[in-house]
Amino acid sequence: MAAPDDWQVVWEDNQPSYHPVDPIAGVDIESRLRSLISSGRDTMDEAIDIDGTRLRIHMSLIDTPEGHLPVGAQVWIGSVTEPEPTLRPVGGCCWNSHEMHAEISRTFFSMSAIDYDLYSDVRDPSTLTRKVVQADEPALLSACYSPTTEERLSGEIILLHDDGRILLWRYDAAVLPADQTVRGFCHDVTDHQNLQLGHQFDEPSAHGVGVLTFPTSSADPLLSYWHGGTPSWMPEQLHQGLLPRPLRIRQATGATLLHVPSLPSLAVNTSPIPAELEVGVDQWLPISLQLTKYPTFGPVGRRIYIAQIEPINLLEAV
Amino acid sequence: MSSSNWHVVETLLPDVATVVWSAGMRHEWGSVSRLGSSLGVDLLPVIDTVRDRCTRLDDTVRARRGGERRVIAAPAFGPDGVVHAVSIWVGDPSADPDPEPILGSMVFTPETLRVGSTEPLYLMSAIDLVGYAGDRDPSRFLHKVFGFDQINELVETCVTPEVRDKFAGTLNVKHDDGHLMRWQGVARFDIGEKMLRGFAQDLSGFEDVVITPGDFSRISVGNVGQRSGTVLIGFPVDEKTSPVLHYWLTTPPEIFQTHDLSVRLAIHPDDISELWRVQRVLSGSVTVGSSLSTTIRLALDDQPWAACEVVSSRYPGEQIGDHLLVSQVTVINE
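It should be emphasised that the depicted structure is a prediction, and the values quoted were computed from it without experimental measurement.

A. Expanded view of the pattern of salt bridges. All names here are of chain B. The final tally for this structure, using the stated rule, is 27 salt bridges over all chains. As a salt-bridge pair, D176 and K144 come within 3.2 Å of each other at their nearest N and O atoms. Here D176, found in the loop between β11 (166-174) and β12 (180-190), pairs with K144, found in the loop between α4 (138-141) and β10 (145-146); they are 32 residues apart in sequence, far enough to count as distant. Among the residues examined, K144 registers a relative accessible area of 12% and is labelled buried. Here D271 ties to R297 by a salt bridge, and the two come within 3.0 Å at their closest N and O atoms. On the criterion of sequence distance, the pair formed by D271 in the loop between β16 (265-267) and α7 (272-282) and R297 in strand β17 (residues 291-300) is long-range, its members being 26 residues apart.

B. Seen up close, unusual backbone geometry. Residues and elements named next belong to chain A. Look at M100: it is not a glycine, yet its phi comes out positive at around 60°. As for its placement among the helices and strands, M100 is situated in the loop between β6 (90-96) and β7 (101-104). Positive phi, close to 60°, is recorded for D282, a residue that is not glycine. By secondary structure assignment, the location of D282 is in the loop between β16 (273-280) and β17 (283-293).

C. Looking closely at the packing of aromatic side chains. If you walk through the whole model with that rule in mind, you get nine aromatic pairs over all chains. Seen in terms of ring centroids, A:F214 and A:Y305 are 5.8 Å apart; in terms of plane orientation they differ by 85°. Their pairing is edge-to-face. Here the residue A:F214 occupies a position in the loop between β13 (209-213) and β14 (222-227), and A:Y305 occupies one in strand β18 (residues 304-311), the gap between them amounting to 91 residues. For A:F214, a relative accessible area of 4% gives the class buried. With a centroid separation of 4.9 Å and an interplanar angle of 85°, the aromatic rings of B:W21 and B:F206 are classed as edge-to-face. A residue pair is termed long-range when its members are at least 10 positions apart, and B:W21 in strand β2 (residues 18-22) and B:F206 in the loop between β13 (195-202) and α6 (213-216) qualify at 185 residues. The aromatic ring of A:W284 is capped on one face by A:R250, whose charged end is 3.9 Å from the ring centroid. Positioned above the aromatic ring of B:Y122 is the side chain of B:K144, whose terminal nitrogen or guanidinium carbon lies 5.0 Å from the ring centre.

D. Structural view of the sheet that holds strand β5 (residues 68-77) of chain B. All names here are of chain B. Overall, antiparallel pairing links the six strands, which are arranged β3-β2-β1-β6-β5-β4 in an open sheet. Looking at the sheet topology across the chains shown, the edges are occupied by β3 (25-31) and β4 (57-62). Ignoring strand direction, the axes of neighbouring strands in this sheet form an average angle of 25°. Of the strand pairs in this sheet, strand β1 (residues 6-10) and β2 are connected by four bridges, and their pairing is antiparallel. Bridged to V9 within β2 is V19. Helix-sheet contacts for helix α1 (residues 32-39) involve β1, β2, β3, β5 and β6 (83-91), and the interaxial angle to β3 is about 110°. Where helix α2 (residues 43-53) meets the sheet, it contacts β1, β4, β5 and β6, and its direction lies at approximately 135° from that of β6.

E. Seen up close, the packing of helix α4 (residues 138-145) of chain A against α7(B). At a minimum axis separation of 10 Å, α4(A) and α7(B) run at an interaxial angle of 145°. As α4(A) runs across α7(B), the sense of the crossing is right-handed. Of the residues in α7(B), those in contact with A:L141, A:C144 and A:Y145 of α4(A) are B:E274, B:R277, B:V278, B:V281 and B:L282.

Thresholds applied
Residues numbered from 1 in each chain as written. Chains lettered and ligands numbered in written order. Predicted model: local features only at pLDDT ≥ 70, side-chain atom pairs only at ≥ 80, totals over all residues. Heavy atoms only, no water. Salt bridge = Lys/Arg side-chain N within 4 Å of Asp/Glu carboxyl O. Helix = DSSP H or I, 4+ residues; strand = E, 2+ residues; numbered from the N terminus. Buried < 20%, exposed > 50% of the residue type's maximum accessible area, 1.4 Å probe, protein only. Phe/Tyr/Trp six-rings, centres within 6.5 Å; stacked < 30°, edge-to-face > 60°. Lys NZ or Arg CZ within 6 Å of the ring centre and 35° of its normal. Pairing = 2+ DSSP bridges. Axes fitted to C-alpha atoms, helices over the stretch in contact; angles between N-to-C directions. Contact = heavy atoms within 4.5 Å. Left-handed = near helix turned anticlockwise from the far one by under 90°.

Below, the structure written as structure tokens:
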């Protein structure tokens, strides 16, 4: 956001929304943004709506990598009687085409990390995308390779959090040929947008076809996604796609489930592995798991698998 | 392709010895005594001596049909201290032996899922020993491999040795200097010791890289014509020296066709960094088929430079695609 003319709203009322920065409920947003940028500090003030309601306006700059100009801000406007808002998870990222590396902010890092101490600002491309499963990338790639046209880019990224959850991020970026950069931010919208894995799964069978993910720690892997809906043997409501709460899977005694991430990716197509699926508090369902590699590049491929799941003993499951 | 007077004998299990490579060709579990009789020298005692004494042997012996033969027997040691293979040369004492086969040994322990490898094995695909580790997980161990159709047979040998107790197959490997190699891998499972013993042999010079139909189907080769062709470009790990245009997946553009396969296309020195920029951005790509286009100058030997449009994408595969690109080359200006 170089000058107010370039400013744009990109997300509003929990969904993507692209339009100029106009006054909202009579409140002048633009001048407030100006003072937010010049002070660099969050602002909180009040205004009176046309109908006399007292409004609270909270503004916060999106966190950028050290030494970088602002890339955006979060704005909250509500009645003073409403509870204090919590900030959305949004973190800044700047690609430098001279250096061929990106710099990321602390928030950007923490949005997918368990251990915040591992933060470092400079990332080469393969490190930057090492958790990414799929992304709207062709325009972004060519802009990063050669930022010759001033333009705005936006799209979605699906990635794996270090804790094993599958996340959906939206990115908004500006290509700035003058200083050979692509600057912008990512916003975790998993809670508001529908996440759809692009992989062409085989037709769902009675087994249940899902996606199994491994945390970076030695914690249990998670069943995070049902393709074609929850199988009928599951004691829960039918659910398709990303599970609101991923289910833990623990390996049966002596089984080799936790070894799967260290197998060569060329080979992953396991024979059935006995395991247990957490279907409720302290309720574990014995299952058999067959894993194949999820087709993706980079080290994330070690942590995400397509899983064919069937209960081992239906009688026990009921 | 060349021939050689060397022979490679696997000695992966006690009291077992079979021929796996002879005169420039792969063999599966061939008879050592048959090879010995064709060479006129009894090889079994030679192999036993090398195994027992764990040393190289270079002797002149009396041949069965008279006359003298020089016998060289070179052991390849595994990380377990056992001789995994013996390379054998038999010839006239006055003749110069051909270059020795390049071998490196490994062991795999299913209980720990760790791979133990030797320095010679590491050096088969590396410039020096920087980064060498004798103990790795299987994924790291195979991270330079692209194209290994029989990997599931190898895994089966590791996991269910009672069903399949030995493995022999071929694979493609990218060297750290960017060039592409063809290897053979040979392994046997030792049920008593609960470990897999194996070794790899670099077949470069004898066999070329093979892209199997399965791998080929995942690669987009684009248009082929007089002016266009698709090539594999291997990038060195030093991240600066010239990438290697090694293997044409299609017929090369007409002006780059040559009968001498040892001649490689050169990249104009001023354009090398541009190709590195492409590699660097694509190393962050996660989508199959995402590509970047650039213009670079290429030439065969001492011929003039030709400007080419090069559209590159990652070689499909998890880690290898960082350093191996599929590039469609179109000559735009001769």
